[in-house]
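Observations on the three-dimensional arrangement
So the chains spell out like this:
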Amino acid sequence: MKHKVLNTNIKSMWAYKMFFASLLLLVMGCETDDTQTVATFNTLVWEDNFDVDGAPDSSRWRFDIGDGTEQGIPGWGNDELQYYTDRSENVTVQNGFLLITAKQEDFNGFSFTSARLTTQGLFEQAYGRFEARIRVPFGKGYWPAFWLSGNNCADNPWPACGEIDIMENVGDEPTIAFGSVHGPGFFGGDSIGKDYELTNDRFDTGFHIFGIEWAPDYINYYVDGDLYQQITPEDIDEETDGQGEWVFDRPFYIILNVAIGGNLPGPPNNETVFPQTMLVDYVRVYQQ
Amino acid sequence: MKIYRYIHLRFIPLLGLGIVALLSCERDFSDEVKFATFPANGDIFTDAPVGLTDKFFDSFDPAVGANTEGFGTDDDVAFEGTSSIRIDVPAPDDPNGGFIGGIFLDRGAGRDLTGFDALTFYVKGSTTATIDEVGFGSDFEEDKFAVGLQNIRLSTDWKKVIIPIPDPSKLVQERGMFRFSAGTLSTNGVGFTFWIDELQFENLGTIAQSRPSILGGNDSRFPTTVGQTVTISQLQQTFNLGSGIDQTINLTPSYFSFKSSDPNVAFVDELGEVTVAGTGLTEITASIAGVLADGKLLVESSESAQIVSIFTDLFADIPVDNYNGFFLGQNTKGGLVEENGGQIIRYTQLDFVSINFFQNVAPIDITEMTDLRISIRVDESIDAGDFINIQLVNSVGTPDLTSGTFRIEGGDLVPNEWVEFQIPLSSFTGLGARNAIGQLFFVSDGTISNVSIDNIFFSAE
């Protein structure tokens, strides 16, 4: 009896190994190569692979709710049109993905709902590699983002506390993502950053990897395997004639959200499709 | 139990490997099966025609007014290289023909276009006129996989036009490389010239977010009887281009897969023709490359169903005098307009208006009918107290005149959305005989100014 059980287990192990080997083949056969050649910080310190269905893991994420009025910035400082909730129809984890869904509906006097997740107070870090694999929605008015905020905005209001936008996109420019920094002397329309444009591809039809490597004296931006921008204290000096201040020297926290309308994308039009979902495959943070 | 588990685990790797084999990214056929393939050349015109028939331009029939003289090439104008296609659009009274249009055919047996996602070209005009239509997939034989993009606004500088391919996997052997049609509707009859260059099929990689639709994206209910046929119309597909702009094309039924939820009631062929085979209910839906189209046809087949169609896309309408008689003292503007590849009636400044069918056409006898069916979309917000009265008038202009009204309250309508009504004729208060109905009125007294109307017919249940 014992012998038989042992035998079974050995075969089961073999079966398991083959199963995972074939899974690996499946994954490697169809997906683009995720290996980062532009990123060099490889000590993983925090991640969410969204492996458990249901509400996002409350030990990693909290929600910003409402329209920003409670935070003293109605429209989240940008005249955005959505009301953020933590309802499952706006934010949930399914099949290994975080889903942030923007809907057109009457809710608390607003016409759109969506969600905004942050790691504020749960995970905050200065420097490192921050990376996520994301598919964005499309259409005029959509404004998905993966970004970092300085953790002292309560005492040192934006833009003084700093903002690092790893990925922003406006839905009517489906081939373009942009990365930028905001701080004292360079914020809003005068932020410092750069567009990254895909050729023969779009950001709403498949997943792409968006990341930064952030060290005391530079922030490198990459999309998939392309390093497309480096921002340094010297750049801030040059762009702001010495008026700007490098504030990227303290812990920041992660934010994922889908805004609707607002100053940057403008309002949705009658061609904009609702609802739509931003899918996040993973968020990972590494140290040097 | 353990043995069962053991077998179960052994199957997983086999299953996994099976999935790898089936889902590996390239969808190659196995070595044993060799399909004939056709040239995969996407070029149509660069500085000269590429692989087209000696005729190059195959005009529409001159007997219907197509001008065969206005087509040529121009060695003085080019977006790239040394030459372009030059098209001189004639005035309507040109003795050689009042419009110009035709097709370019592949000189061989056809091309394999499965590796492309769009037909593209650069165009510029002598003036900012509008080209009526451009497209591909027309061979003057089957026109099986034809696609058209309408109303291309010209600029006096070069601009790129992108016509998405609805489902490239269908185009394994296509001869129809290009089609265009141009008249002077947009220039009030003044002729103009436009140039086309770098005409080619391309794989842009940015043609995305396919949204097919049938029947204008609406759900249409149609009562019918066994033996009747109707053809699914208003076939369209919207893509989002790399520029972020939505592009809507018209296309032929063969790009769609049609499905009937109950083929015993009605079945659909690949040309979108629905044949009613039995009594009951069935739902006809369509899809392109796995994407379900907006809009569906609900077939309600019974022994006794009859219809009299005033204004539908699917059935033969009765002749009418007009859709807006412009009475004295009436402010309503509007009438027929195009929408989503079909026609609807759209009124603005509505106070009252009527569809008339009694002056130069015969009024209709709907004694046997039981219901009026009508779809109404209010093209504005709806306020308290808004209404639309629908009035039927029998024996117009005679001493026997009788009329009846049914009131639709604003609360039963939805702003900017179609609402379908089925109104028993017995609810038209005051209507006596209905053997000679000649007018259908819409009266809002200005409470609702902008409204669209579609699918008006009488049915017997």
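Everything below is about the structure shown above.
Parameters and conventions
- Residues numbered from 1 in each chain as written.
- Chains lettered and ligands numbered in written order.
- Predicted model: local features only at pLDDT ≥ 70, side-chain atom pairs only at ≥ 80, totals over all residues.
- Heavy atoms only, no water.
- Helix = DSSP H or I, 4+ residues; strand = E, 2+ residues; numbered from the N terminus.
- Buried < 20%, exposed > 50% of the residue type's maximum accessible area, 1.4 Å probe, protein only.
- Pairing = 2+ DSSP bridges.
- Core = buried A, V, L, I, M, F, W, Y, C linked by side-chain atoms within 4.5 Å.
- Contact = heavy atoms within 4.5 Å.
- Salt bridge = Lys/Arg side-chain N within 4 Å of Asp/Glu carboxyl O.
- Disulfide = S-S within 2.5 Å.

In this structure, P159(A) follows W158(A) across a cis peptide bond, with omega equal to 10°. Along the chain, P159(A) falls in the loop between β10 (142–150) and β11 (163–168). Of the consecutive residues F274(A) and P275(A), the connecting peptide bond is found in the cis state with omega at -10°. Here P275(A) shows up in the loop between β17 (252–260) and β18 (276–287). For F56(B), which is not glycine, the phi torsion reads 65° and is therefore positive. Following the sequence through the fold, F56(B) ends up in the loop between β1 (43–45) and β2 (58–59). Exposure remark for F56(B): the relative accessible area of 10% places this residue in the buried category. Positive phi, normally seen in glycine, also occurs at N416(B), with a value near 60°. Its location among the elements puts N416(B) in the loop between β29 (402–409) and β30 (418–424).

Residue and element names in this part refer to chain A. Strand β15 (residues 218–223) sits mainly inside the fold: 6 of its 6 residues count as buried. The alternating pattern of β15 places Y218, N220 and Y222 and I219, Y221 and V223 on opposite faces, both of which are buried. Bridge analysis of strand β14 (residues 208–215) against β15 gives 6 bridges, and the strand direction is antiparallel. Paired with W214 across the two strands is I219, which belongs to β15. Taking the residues between adjacent antiparallel strands as the criterion, β14 and β15 are bridged by 2 residues.

This part is about the nonpolar core. Formed by 68 residues in total, the largest nonpolar core has its most connected members in F104(B), I163(B), F180(B), F194(B), L199(B), F256(B) and L297(B). Looking at which element gives the most residues to this core, the answer is strand β11 (residues 192–202) of chain B, with 5 residues. What L297(B) contacts, discounting residues up to four positions off in sequence, is L215(B), S220(B), F222(B), V230(B), I232(B), V274(B), T282(B), E283(B), I284(B) and L314(B). Residues L98(A), A102(A), I192(A) and I212(A) belong to the second largest nonpolar core, which totals 51 residues.

All names here are of chain B. All told, the structure shown has 27 salt bridges over all chains when counted by the stated rule. Put simply, E270 and K144 hold a salt bridge, and the shortest N to O gap is 4.0 Å. Of the two residues, E270 is situated in the loop between β18 (266–268) and β19 (273–276) and K144 in the loop between β7 (130–136) and β8 (147–153); the sequence distance between them amounts to 126 residues. Judged by its relative accessible area of 47%, E270 is partly exposed.

A few words on the state of the cysteines. Residue and element names in this part refer to chain A. All told, the structure shown has 1 disulfide over all chains when counted by the stated rule. C153 shares a disulfide with C161; S-S distance 2.0 Å. Torsion about the S-S bond of the C153 and C161 cystine: about 85°, corresponding to right-handed handedness. Under the relative-accessibility criterion, C153 is labelled partly exposed at 22%.

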